[in-house]
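This is what each chain is made of:
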Amino acid sequence: MGQPIRVMGICGTYDLESANGRILEIILEQCRDLGADVSIWDNGAYPLPLVGAPGSWDDENVKKFQAMATESDAFILSSPEYHGTMSGVMKNNLDWLYSKHTSGKIFGLISTLGGQSSNNTLNHMRIAARWIHGWVAPEQVAVPHIKEALGEEGGINDESIRDRISALSSSVVENSRKLRR
Ligand SMILES: Cc1cc2nc3c(=O)[nH]c(=O)nc-3n(C[C@H](O)[C@H](O)[C@H](O)COP(=O)(O)O)c2cc1C
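What counts, and where the lines are drawn
The written sequence of each chain sets the order in which its residues are numbered from 1. Local features in this predicted model are restricted to residues of pLDDT 70 or higher, and side-chain atom pairs are both shown and tallied only at a pLDDT of 80 or more, whereas totals for entire chains, interfaces and linings draw on every residue. Only C-alpha atoms enter the line fits that serve as axes; for helices the fit covers just the stretch in contact. Angles between N-to-C directions range over 0 to 180 degrees. Secondary structure is summarised from DSSP: a helix means a run of H or I of at least four residues, a strand means a run of E of at least two, and numbering begins at the N terminus for each. Reported orientations rely on four angle classes, namely roughly parallel under 35 degrees, roughly antiparallel over 145, roughly perpendicular from 65 to 115, and oblique for the rest. Take the far helix as your reference; a near helix turned counterclockwise from it by less than a right angle gives a left-handed crossing, and one turned clockwise gives a right-handed crossing. What counts as a contact is two residues whose backbone-derived C-beta atoms lie within 7 Å of each other. Buried means a residue has 20 or more other C-beta atoms within 10 Å of its own C-beta, exposed means 12 or fewer, and partly exposed covers the counts in between; C-beta atoms are placed from the backbone. The reported arc concerns the directions from the helix axis to the C-beta atoms and nothing else. For each residue, a C-beta atom is placed from the backbone, and the residue counts as near a molecule or strand when that atom lies within 6 Å of it. Lys, Arg, Asp and Glu make up the charged group, whereas Ala, Val, Leu, Ile, Met, Phe, Trp, Tyr, Cys and Pro make up the nonpolar group; the residues left over, Gly among them, are polar. We define the nonpolar core as any set of buried residues of the types Ala, Val, Leu, Ile, Met, Phe, Trp, Tyr and Cys, connected via C-beta atoms lying within 7 Å of each other. Here a strand pair is declared whenever DSSP counts at least two bridges between the two strands. Here, the term right-handed applies to a crossover whose path from the first strand over the helix to the second runs clockwise when the strands point away from the viewer.

### Regarding the packing of helix H1 (residues 19-33) against helix H7 (residues 159-179)
Running from amino to carboxyl end, H1 crosses H7 at an angle of 50°, the nearest separation of the two axes being 9 Å. Accordingly, the angle class assigned to the pair H1 and H7 is oblique. Crossing angle aside, the handedness with which H1 passes H7 is right-handed. Where H1 approaches H7, its residues Ile-26, Ile-27, Gln-30 and Cys-31 are matched on the opposing element by Ile-165, Ser-166, Leu-168, Ser-169, Val-172 and Val-173.

In C-alpha coordinates form, the structure reads like this:
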(Lines give C-alpha, C1' and ligand atoms only; values in the text may rest on other atoms or scores of the structure.)
Protein backbone atom coordinates (compact mmCIF):
# COMPACT_ATOMS: atom_id res chain seq x y z
CA MET A 1 0.00 0.00 0.00
CA GLY A 2 3.05 2.30 0.40
CA GLN A 3 3.12 5.48 2.45
CA PRO A 4 -0.13 6.51 4.17
CA ILE A 5 -2.31 9.04 2.37
CA ARG A 6 -1.83 12.53 3.87
CA VAL A 7 -5.10 14.41 4.33
CA MET A 8 -5.06 18.14 5.17
CA GLY A 9 -8.12 19.71 6.78
CA ILE A 10 -8.90 23.36 6.09
CA CYS A 11 -11.38 25.03 8.43
CA GLY A 12 -13.56 27.95 7.30
CA THR A 13 -13.21 29.82 10.59
CA TYR A 14 -10.36 30.95 12.84
CA ASP A 15 -11.64 28.81 15.71
CA LEU A 16 -11.19 25.03 15.39
CA GLU A 17 -13.79 24.64 18.16
CA SER A 18 -16.43 26.19 15.88
CA ALA A 19 -19.15 23.93 14.50
CA ASN A 20 -17.52 23.46 11.10
CA GLY A 21 -14.21 22.86 12.89
CA ARG A 22 -15.84 20.15 15.01
CA ILE A 23 -17.27 18.41 11.92
CA LEU A 24 -13.85 18.67 10.28
CA GLU A 25 -12.24 16.97 13.28
CA ILE A 26 -14.81 14.15 13.13
CA ILE A 27 -14.10 13.45 9.48
CA LEU A 28 -10.33 13.67 9.96
CA GLU A 29 -10.58 11.13 12.80
CA GLN A 30 -12.37 8.80 10.39
CA CYS A 31 -9.66 9.32 7.75
CA ARG A 32 -7.08 8.43 10.42
CA ASP A 33 -9.03 5.27 11.25
CA LEU A 34 -8.88 4.41 7.54
CA GLY A 35 -5.07 4.57 7.65
CA ALA A 36 -4.42 8.17 6.58
CA ASP A 37 -2.03 10.65 8.20
CA VAL A 38 -4.01 13.80 8.95
CA SER A 39 -3.15 17.42 9.59
CA ILE A 40 -5.24 20.52 10.08
CA TRP A 41 -4.45 24.10 9.17
CA ASP A 42 -5.07 26.31 12.23
CA ASN A 43 -6.14 29.74 10.98
CA GLY A 44 -6.34 31.00 14.57
CA ALA A 45 -2.69 30.23 15.36
CA TYR A 46 -1.39 30.98 11.86
CA PRO A 47 -3.72 33.50 10.21
CA LEU A 48 -3.22 34.07 6.51
CA PRO A 49 -3.23 37.66 5.26
CA LEU A 50 -5.71 38.64 2.58
CA VAL A 51 -4.21 37.90 -0.82
CA GLY A 52 -2.56 41.09 -2.05
CA ALA A 53 -2.44 42.86 1.35
CA PRO A 54 0.85 44.71 1.94
CA GLY A 55 3.57 42.15 2.72
CA SER A 56 1.31 39.19 2.00
CA TRP A 57 3.46 37.71 -0.77
CA ASP A 58 6.35 37.16 1.68
CA ASP A 59 4.24 36.10 4.68
CA GLU A 60 5.72 33.19 6.67
CA ASN A 61 2.29 31.69 7.46
CA VAL A 62 1.48 31.61 3.76
CA LYS A 63 4.72 29.74 3.07
CA LYS A 64 3.89 27.21 5.84
CA PHE A 65 0.36 26.78 4.49
CA GLN A 66 1.54 26.18 0.93
CA ALA A 67 4.25 23.75 2.12
CA MET A 68 1.67 21.76 4.09
CA ALA A 69 -0.57 21.65 1.01
CA THR A 70 2.29 20.52 -1.22
CA GLU A 71 3.05 17.64 1.17
CA SER A 72 -0.63 16.56 1.28
CA ASP A 73 -2.38 14.07 -1.02
CA ALA A 74 -5.92 15.21 -0.26
CA PHE A 75 -7.89 18.05 1.31
CA ILE A 76 -11.06 18.32 3.33
CA LEU A 77 -12.66 21.76 3.11
CA SER A 78 -15.18 22.55 5.86
CA SER A 79 -16.90 25.94 5.75
CA PRO A 80 -19.89 27.59 7.35
CA GLU A 81 -22.36 29.02 4.86
CA TYR A 82 -22.29 32.83 5.07
CA HIS A 83 -24.78 34.75 2.93
CA GLY A 84 -25.26 31.81 0.62
CA THR A 85 -21.60 30.99 0.03
CA MET A 86 -18.35 29.93 1.72
CA SER A 87 -16.87 32.09 4.50
CA GLY A 88 -14.31 34.76 3.61
CA VAL A 89 -11.74 32.79 5.64
CA MET A 90 -12.24 29.72 3.41
CA LYS A 91 -12.15 31.75 0.20
CA ASN A 92 -8.92 33.43 1.27
CA ASN A 93 -7.37 30.06 2.20
CA LEU A 94 -8.25 28.75 -1.26
CA ASP A 95 -6.90 31.90 -2.92
CA TRP A 96 -3.47 31.02 -1.48
CA LEU A 97 -3.48 27.61 -3.21
CA TYR A 98 -2.46 27.16 -6.84
CA SER A 99 -2.49 24.12 -9.07
CA LYS A 100 1.20 23.47 -8.28
CA HIS A 101 0.07 22.68 -4.70
CA THR A 102 -3.18 20.85 -5.48
CA SER A 103 -3.21 19.46 -9.01
CA GLY A 104 -4.40 15.86 -9.26
CA LYS A 105 -5.38 15.67 -5.57
CA ILE A 106 -8.72 14.76 -4.05
CA PHE A 107 -10.94 17.33 -2.32
CA GLY A 108 -13.78 16.45 0.08
CA LEU A 109 -16.36 19.13 0.88
CA ILE A 110 -18.46 19.94 3.96
CA SER A 111 -20.63 22.94 4.80
CA THR A 112 -22.52 23.85 7.96
CA LEU A 113 -25.64 25.99 7.97
CA GLY A 114 -27.63 27.81 10.60
CA GLY A 115 -30.78 27.26 8.54
CA GLN A 116 -32.04 24.72 6.04
CA SER A 117 -29.86 22.65 3.76
CA SER A 118 -28.38 24.18 0.64
CA ASN A 119 -25.71 23.13 -1.84
CA ASN A 120 -24.48 26.68 -2.52
CA THR A 121 -21.32 26.60 -0.41
CA LEU A 122 -20.51 23.07 -1.60
CA ASN A 123 -20.94 24.09 -5.24
CA HIS A 124 -18.87 27.25 -4.82
CA MET A 125 -16.01 25.34 -3.14
CA ARG A 126 -16.28 22.72 -5.94
CA ILE A 127 -15.75 25.45 -8.55
CA ALA A 128 -12.73 26.87 -6.67
CA ALA A 129 -11.22 23.39 -6.21
CA ARG A 130 -11.65 22.67 -9.92
CA TRP A 131 -9.89 25.94 -10.74
CA ILE A 132 -6.80 24.71 -8.89
CA HIS A 133 -7.09 21.34 -10.69
CA GLY A 134 -8.43 19.38 -7.75
CA TRP A 135 -10.54 16.24 -8.13
CA VAL A 136 -13.61 16.81 -6.01
CA ALA A 137 -15.22 13.71 -4.48
CA PRO A 138 -18.88 13.35 -5.52
CA GLU A 139 -19.78 12.52 -1.93
CA GLN A 140 -20.32 15.78 -0.03
CA VAL A 141 -22.09 16.86 3.13
CA ALA A 142 -24.17 19.91 4.04
CA VAL A 143 -25.13 19.95 7.73
CA PRO A 144 -28.29 22.07 8.17
CA HIS A 145 -29.59 23.45 11.49
CA ILE A 146 -26.09 23.04 12.84
CA LYS A 147 -26.95 23.96 16.44
CA GLU A 148 -29.35 21.01 16.70
CA ALA A 149 -27.13 18.73 14.58
CA LEU A 150 -24.25 18.71 17.08
CA GLY A 151 -24.90 16.87 20.35
CA GLU A 152 -23.70 18.01 23.79
CA GLU A 153 -20.72 15.67 23.57
CA GLY A 154 -19.76 17.13 20.19
CA GLY A 155 -21.04 14.12 18.19
CA ILE A 156 -23.57 14.27 15.35
CA ASN A 157 -27.21 13.60 16.26
CA ASP A 158 -28.57 12.77 12.81
CA GLU A 159 -27.82 9.24 11.55
CA SER A 160 -28.17 10.20 7.88
CA ILE A 161 -25.55 12.95 8.32
CA ARG A 162 -23.27 10.48 10.12
CA ASP A 163 -23.65 8.09 7.16
CA ARG A 164 -22.87 10.82 4.64
CA ILE A 165 -19.75 11.83 6.59
CA SER A 166 -18.55 8.20 6.65
CA ALA A 167 -19.12 7.93 2.89
CA LEU A 168 -17.13 11.12 2.36
CA SER A 169 -14.14 10.03 4.48
CA SER A 170 -14.02 6.64 2.71
CA SER A 171 -14.21 8.28 -0.70
CA VAL A 172 -11.42 10.77 0.06
CA VAL A 173 -9.02 8.11 1.36
CA GLU A 174 -9.82 5.43 -1.26
CA ASN A 175 -9.75 7.79 -4.23
CA SER A 176 -6.54 9.45 -3.01
CA ARG A 177 -4.90 6.01 -3.01
CA LYS A 178 -6.05 5.48 -6.60
CA LEU A 179 -4.83 8.89 -7.79
CA ARG A 180 -1.52 9.10 -6.00
CA ARG A 181 1.41 8.75 -8.37
C1 LIG B 1 -22.23 36.51 8.39
C2 LIG B 1 -23.05 35.27 8.52
C3 LIG B 1 -23.84 34.86 7.47
C4 LIG B 1 -24.60 33.69 7.56
N5 LIG B 1 -25.33 33.30 6.47
C6 LIG B 1 -26.02 32.12 6.53
C7 LIG B 1 -26.73 31.66 5.38
O8 LIG B 1 -26.71 32.24 4.32
N9 LIG B 1 -27.43 30.50 5.51
C10 LIG B 1 -27.47 29.78 6.68
O11 LIG B 1 -28.12 28.75 6.74
N12 LIG B 1 -26.78 30.20 7.77
C13 LIG B 1 -26.06 31.35 7.72
N14 LIG B 1 -25.32 31.75 8.80
C15 LIG B 1 -25.20 30.85 9.97
C16 LIG B 1 -23.91 30.03 9.86
O17 LIG B 1 -23.91 29.23 8.69
C18 LIG B 1 -23.75 29.12 11.08
O19 LIG B 1 -23.72 29.94 12.23
C20 LIG B 1 -22.45 28.33 10.95
O21 LIG B 1 -22.60 27.30 10.00
C22 LIG B 1 -22.07 27.74 12.29
O23 LIG B 1 -20.81 27.15 12.14
P24 LIG B 1 -19.49 27.79 12.79
O25 LIG B 1 -19.70 27.73 14.29
O26 LIG B 1 -18.40 26.93 12.33
O27 LIG B 1 -19.37 29.21 12.28
C28 LIG B 1 -24.57 32.92 8.74
C29 LIG B 1 -23.77 33.35 9.83
C30 LIG B 1 -23.01 34.50 9.72
C31 LIG B 1 -22.11 34.91 10.89
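### Side note on helix H3 (residues 88-95)
Buried within H3 we find Val-89, Met-90, Asn-93 and Leu-94. The buried side chains of H3 occupy one side of the element, clustering within an arc of 135° when seen end-on. Packing partners of the buried residues in H3 comprise strand S1 (6-11), strand S3 (74-82), strand S4 (85-86) and helix H5 (120-131).

### Considerations on the site of the ligand
The environment of the ligand is formed by 14 residues, the closest being Ser-18, Pro-80, Leu-113, Gly-114 and Gly-115. Mapped onto the shell around the ligand, the elements with two or more residues apiece are H1 and S3. With three residues, S3 is the largest single contributor of residues to the shell around the ligand. Grouping the amino acids of the shell around the ligand by side-chain chemistry returns five nonpolar, eight polar and one charged.

### Thoughts on the nonpolar core
Val-7, Ile-27, Cys-31, Ile-76, Leu-77, Ile-110 and Val-172 are the most contacted members of the largest nonpolar core, which totals 44 residues. Ranked by the residues each element gives to this core, the list is headed by H1, at six residues. Excluding its chain neighbours within four sequence positions, the residues that come into contact with Ile-27 are Ile-76, Ile-110, Ile-165, Leu-168 and Ser-169.

### Quick look at the pairing of S1
A large share of S1 lies buried, amounting to five of its six residues. Judged from the five bridges that link them, S1 and strand S2 (residues 37-41) form a sheet pairing that is parallel. Across the sheet, residue Gly-9 finds its bridge partner in S2, namely Ile-40. In this fold, S1 hands off to H1, which returns the chain to S2; that crossover is right-handed.

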